[in-house]
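Each chain, letter by letter, is given below.
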Amino acid sequence: MKKKETQLPGVVDSRSAFAESCRALRTNLLFLEEHRVRSIMITSALPNEGKSVVAANLAVAFAAGRRKVLLVDADLRNPTQHKCFDVDNTVGLTQALRRPQSSENGAPEIIVQQTRPGLDVLTSGPLPAGPSDDLASDAMIRLVEFVKTKYNLVIFDSTAVLPVTDALVLARHVDGIILVVRAVHTRSEQAGEAIKQLRRANTNLLGVVLNSVNARKIAARNGHYHGAAP
Ligand SMILES: Nc1ncnc2c1ncn2[C@@H]1O[C@H](COP(=O)(O)OP(=O)(O)OP(=O)(O)O)[C@@H](O)[C@H]1O
Ligand SMILES: [Mg+2]
């Protein structure tokens, strides 16, 4: 019988290993603040690698670390952050990009939803006809610059790099990118091709997150190679 995949809910228990890994990732990313990286995009080579759960739980980890965080669902094809945080998605990013009235700095006015102290979410809004055109628009560029002035960190959930251009378009507007690679699911050539495309687009790839790793197997393997502690 085929083993059923463990369903990981959007935001995991803060005591879980996944949440602990997200806190470790947060610690590794804290140096970014010194380098003025205030907006990061989470992407992957292929769909279904865990971008959205990593984005959601990383946002929770930063907010728990007393940062003011905005999580933007910029996956305008298969948005899921409203489900992760169980919030309404009738108003979100796509309407903001079309709203005639503007907030300060000429940026589109956004309606965010506070999900917990320190963490606001801007959901996708209704799906547009041309997602990459929305992400490439001047309104999007102004929005990214505006939200960076309001939050310590803005995390963008996005689509995968290889099937559509959306992530490469958005990647040009943000300060840094994290690539999620799902162990076993993604071949190294596919991850390599995504990295090549991100580099070619002149974007700032900060690092790679390996998702769905069987930590017990790795510990056992390390024990085998290096000798377990007595
Ligand atoms: N480490 C993990 N352990 C178990 N399940 C996981 C893990 N990471 C992701 N999942 C599950 O895999 C599925 C895909 O995750 P997610 O929606 O975050 O991927 P995605 O890359 O955002 O997908 P899409 O390309 O469709 O946006 C979800 O059901 C999620 O709960
Ligand atoms: Mg997703």
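Residues numbered from 1 in each chain as written. Chains lettered and ligands numbered in written order. Predicted model: local features only at pLDDT ≥ 70, side-chain atom pairs only at ≥ 80, totals over all residues. Heavy atoms only, no water.

Moving on, we get to the pattern of salt bridges. Scanning all chains against the criterion turns up eight salt bridges. When the shortest N-O distance is used, the salt bridge between Arg77 and Asp166 registers 2.8 Å. Placement of Arg77 in the loop between strand 2 (69–73) and helix 4 (81–84) and of Asp166 in helix 8 (residues 166–171) is noted, with a sequence separation of 89 residues between them. Relative accessible area serves as the criterion here: at 39%, Arg77 is assigned to the partly exposed category. Judged by its relative accessible area of 0%, Asp166 falls in the buried class. (Salt bridge = Lys/Arg side-chain N within 4 Å of Asp/Glu carboxyl O. Helix = DSSP H or I, 4+ residues; strand = E, 2+ residues; numbered from the N terminus. Buried < 20%, exposed > 50% of the residue type's maximum accessible area, 1.4 Å probe, protein only.)

Our focus in this paragraph is helix 3 (residues 51–64). For helix 3, with 14 residues, the first-to-last C-alpha span of 20 Å sits near the 20 Å given by 1.5 Å per residue. Counting buried residues along helix 3, 13 of its 14 residues qualify, which places the element largely inside the surrounding structure. (Expected span 1.5 Å × (residues − 1).)

Moving on: the packing of helix 1 (residues 17–29) against helix 3. One can describe the packing of helix 1 onto helix 3 by two numbers: an axis separation of 9 Å at closest approach and a directional angle of 65 degrees. Classified by the interaxial angle, the pair formed by helix 1 and helix 3 is roughly perpendicular. Crossing angle aside, the handedness with which helix 1 passes helix 3 is right-handed. On helix 3, the residues that touch Phe18, Cys22, Arg23, Leu25, Arg26 and Leu29 of helix 1 are Val53, Val54, Asn57, Leu58, Ala61, Phe62 and Ala64. For the contact of helix 1 with helix 3, the residue count by class is ten nonpolar, one polar and two charged. (Axes fitted to C-alpha atoms, helices over the stretch in contact; angles between N-to-C directions. Parallel < 35°, antiparallel > 145°, perpendicular 65-115°, else oblique. Left-handed = near helix turned anticlockwise from the far one by under 90°. Contact = heavy atoms within 4.5 Å. Nonpolar A, V, L, I, M, F, W, Y, C, P; charged D, E, K, R; others polar.)

Attention now goes to the packing of aromatic side chains. All chains considered together, the criterion is met by zero aromatic pairs. A cation over an aromatic ring shows up here: Lys68 above the ring of Tyr151, its NZ or CZ 4.9 Å from the ring centre. (Phe/Tyr/Trp six-rings, centres within 6.5 Å; stacked < 30°, edge-to-face > 60°. Lys NZ or Arg CZ within 6 Å of the ring centre and 35° of its normal.)

The next thing to look at is empty space enclosed by the protein. The full count for this structure, using the stated rule, is one cavity of 30 Å³ or more. If you add up the space inside the largest cavity, you get close to 40 Å³. The wall of the largest cavity is formed by Leu29, Leu32, Glu33, Val37, Phe62, Asn152 and Leu153. Looking at the lining of the largest cavity residue by residue, the class counts come to five nonpolar, one polar and one charged. (1 Å grid on protein atoms, 1.4 Å probe; cavity = no way out; pocket = protein on both sides within 12 Å on 5 of 7 lines; lining within 4 Å. Points joined across faces, edges and corners; volume = space filled by probe spheres on them.)

With that settled, consider the nonpolar core. Counting 38 residues, the largest nonpolar core has Met41, Leu70, Leu93, Met140, Val147 and Phe156 as the members making the most contacts within it. Secondary structure elements with two or more residues in this core: strand 2, helix 5 (93–98), helix 7 (138–150), strand 5 (153–157), helix 8, strand 6 (176–182) and helix 9 (188–200). Ranked by residue count, the leading element in this core is helix 7, at six residues. With near-sequence residues (within four places) excluded, Leu93 lies in contact with Val72, Asp73, Ala74, Leu76, Leu122, Thr123, Ser124, Gly125, Met140 and Leu143. Counting residues in hydrophobic clusters, the runner-up holds 32 residues, among them Val60, Val69, Phe85 and Ile155. (Core = buried A, V, L, I, M, F, W, Y, C linked by side-chain atoms within 4.5 Å.)

Mean pLDDT over the protein chain stands at 88; residues scoring 70 or higher make up 87%. Here residues 1–5 scores under 50 on pLDDT; set against residues more than four positions off or in separate chains, the count is one contact. Scored below 50 in pLDDT, residues 224–230 shows two contacts in the model against residues more than four places distant or in partner chains. (pLDDT = per-residue confidence, 0-100.)

Here helix 7 is 13 residues long and its end C-alpha atoms lie 19 Å apart, about the 18 Å a rise of 1.5 Å per residue gives. Burial in helix 7 covers these residues: Ala139, Met140, Leu143, Val144, Phe146, Val147 and Lys148. Those residues of helix 7 that are buried lie in contact with strand 1 (39–44), strand 2, helix 5, helix 6 (131–136), strand 5 and helix 8.

Examined against the element boundaries, Glu49 turns out to sit in the loop between strand 1 and helix 3. For the buried Glu49, no salt bridge is present, and the opposite-charge side chain at shortest range is Lys51, 6.2 Å distant. In this structure the side chain of Glu49 is engaged in a polar contact, spanning 2.8 Å, whose partner is the backbone nitrogen of Leu46. At 2.7 Å, the side chain of Glu49 forms a polar contact with the backbone nitrogen of Arg182. Those residues in contact with Glu49, other than ones at most four positions away along the chain, are Ser44, Val180, Val181, Arg182, His185, Thr186 and Asn211. (Lys, Arg positive; Asp, Glu negative; His and termini not counted. Polar contact = N/O pair within 3.5 Å; in protein donor to acceptor, adjacent residues only side chain to side chain.)

A word on unusual backbone geometry. With a phi angle near 70 degrees, Asn48 is a residue other than glycine that sits in the positive phi range. Relative to the assigned elements, Asn48 resides in the loop between strand 1 and helix 3. Residue classification places Asn48 among the exposed residues on the basis of a relative accessible area of 57%. Positive phi, close to 65 degrees, is recorded for Arg66, a residue that is not glycine. By the element assignment, Arg66 lies in the loop between helix 3 and strand 2. Look at Arg66 and you get exposed, because its relative accessible area is 78%.

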